[in-house]
Amino acid sequence: AQLWEAYFCAALAELALHGGQPGEALPWLLRAQDRAGACDALGLAGHSDADVLAHAVGDALLGALGEGDLGAHFPSSDARWKDASGALLLGEIMRRVARAGFILANVDATLVAQEPRLAPHQAQIREGLAKQLGVESARVNVKLKSTDGLGAIGRCEGIAAQAVVLLEREDA
């Protein structure tokens, strides 16, 4: 019963979408990829590093704490956050989680991209996210989806991520 209560008190789904800008750097999870394909010129645009996965997870964590969203804590109007890495933002957010007396029980995230094809790198993405969050990879799940050519994502105009987090009281 305790876990069930924690889920409804502390879980939140968040969707983040970043548009592509030709020639811009891809976020950490895509940098090492072979990007041959229809979306060769795709880069992601954002005030920070446009790491859509980190942003979705960060927003879900802040929401589960009842502390708003990324924009409230890391506004694009603040030059300190220009080009900030998703890892830096997640580190700051995880410190908030700890100060509030919670631990991350798990995160379930979905990346939606037409290109690059991410499936060959799924384990690397999962392990990288777990490392950024400071948890073992068994607490992290990353699903990969495509729109099969439909909509803005299918036209390589961006990628999206959605995340659900479960926080538990540290003393539970």
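Residues numbered from 1 in each chain as written. Predicted model: local features only at pLDDT ≥ 70, side-chain atom pairs only at ≥ 80, totals over all residues. Heavy atoms only, no water.

Student: Would you take a moment to explain the overall build of the protein chain for this structure?
Tutor: If you tally the helices and strands in the protein chain, you get six helices and four strands. Each helix (α) and strand (β) of the protein chain, taken in turn from the N terminus, gives the series α-β-α-α-α-β-α-β-α-β. Taking the contacts inside the protein chain whose residues are at least 6 apart along the sequence as the reference set, 76% of them involve residues at least 24 apart. For the protein chain, the exposed surface amounts to about 8,700 Å²; the carbon and sulfur share of it is 51%. (Helix = DSSP H or I, 4+ residues; strand = E, 2+ residues; numbered from the N terminus. Contact = heavy atoms within 4.5 Å. Areas by Shrake-Rupley, 256 points an atom, 1.4 Å probe, with all protein chains shown as cover.)

Student: Whenever I open this one, the pairing of strand 2 (residues 102-112) confuses me. Can you help?
Tutor: For a regular strand, the rule is simple: side chains alternate between the two faces of the sheet. Of all 11 residues in strand 2, eight are buried; the element is thus mostly enclosed. In this sheet, strand 3 (residues 140-145) lies alongside strand 2 in parallel orientation, the contact comprising six bridges. Following the sheet pairing, L111 is matched in strand 3 by L144. Handedness of the strand 2-helix 5 (residues 122-133)-strand 3 crossover: right-handed. (Buried < 20%, exposed > 50% of the residue type's maximum accessible area, 1.4 Å probe, protein only. Pairing = 2+ DSSP bridges. Right-handed = clockwise from strand over helix to strand, strands pointing away.)

Student: I'm lost on the nonpolar core in this one. Help?
Tutor: Here is a general trend for soluble globular proteins: nonpolar side chains tend to be buried in one another's company. The biggest cluster of nonpolar side chains holds 37 residues, and the ones touching the most others in it are V57, L61 and L133. For this core, the element with the most residues is helix 2 (residues 52-65), which contributes 10 residues. (Core = buried A, V, L, I, M, F, W, Y, C linked by side-chain atoms within 4.5 Å.)

Student: What is the right way to read the pattern of salt bridges from this model?
Tutor: Pairing between side chains of opposite charge can happen when their charged atoms approach one another. Per the stated rule, a full pass over the model turns up four salt bridges. Taking the shortest distance from any N to any O, the salt bridge between R95 and E92 comes out at 3.1 Å. You can see R95 and its partner E92 sitting in helix 4 (residues 86-99), three residues apart, about one turn around the helix. Overall, the relative accessible area of 30% leaves E92 in the partly exposed class. Across the pair K143 and D108 runs a salt bridge, and its minimum N-O distance is 2.8 Å. (Salt bridge = Lys/Arg side-chain N within 4 Å of Asp/Glu carboxyl O.)

Student: Would you mind going over the environment of A138 with me for this structure?
Tutor: By the secondary structure assignment, A138 is in the loop between helix 5 and strand 3. Between the alpha carbons of A138 and N106 there is a distance of 8.2 Å; along the sequence they are 32 residues apart.

Student: Hey, could you run me through the packing of helix 4 against helix 5 in this one?
Tutor: The axes of two packed helices give the description: the angle between them and the distance between them. Two elements in contact, helix 4 and helix 5, have axes whose closest approach is 8 Å; the angle formed by their N-to-C orientations is 45 degrees. When the interaxial angle is binned, helix 4 and helix 5 end up oblique. Counting all contacts with helix 4, which are made through A87, L90 and M94, the residues of helix 5 involved are L129, Q132 and L133. Of the residues in the contact of helix 4 with helix 5, the class split is five nonpolar, one polar and no charged. (Axes fitted to C-alpha atoms, helices over the stretch in contact; angles between N-to-C directions. Parallel < 35°, antiparallel > 145°, perpendicular 65-115°, else oblique. Nonpolar A, V, L, I, M, F, W, Y, C, P; charged D, E, K, R; others polar.)

Student: What am I meant to see in the environment of R169 here?
Tutor: Turning to its location among the elements, R169 is positioned in strand 4 (residues 158-169). By relative accessible area, R169 is classed as partly exposed at 43%. In contact with R169, not counting residues within four places along its chain, are A100, G101 and F102. Within the local environment of R169, its side chain forms a polar contact with the backbone oxygen of A100, the two atoms lying 3.0 Å apart. (Polar contact = N/O pair within 3.5 Å; in protein donor to acceptor, adjacent residues only side chain to side chain.)

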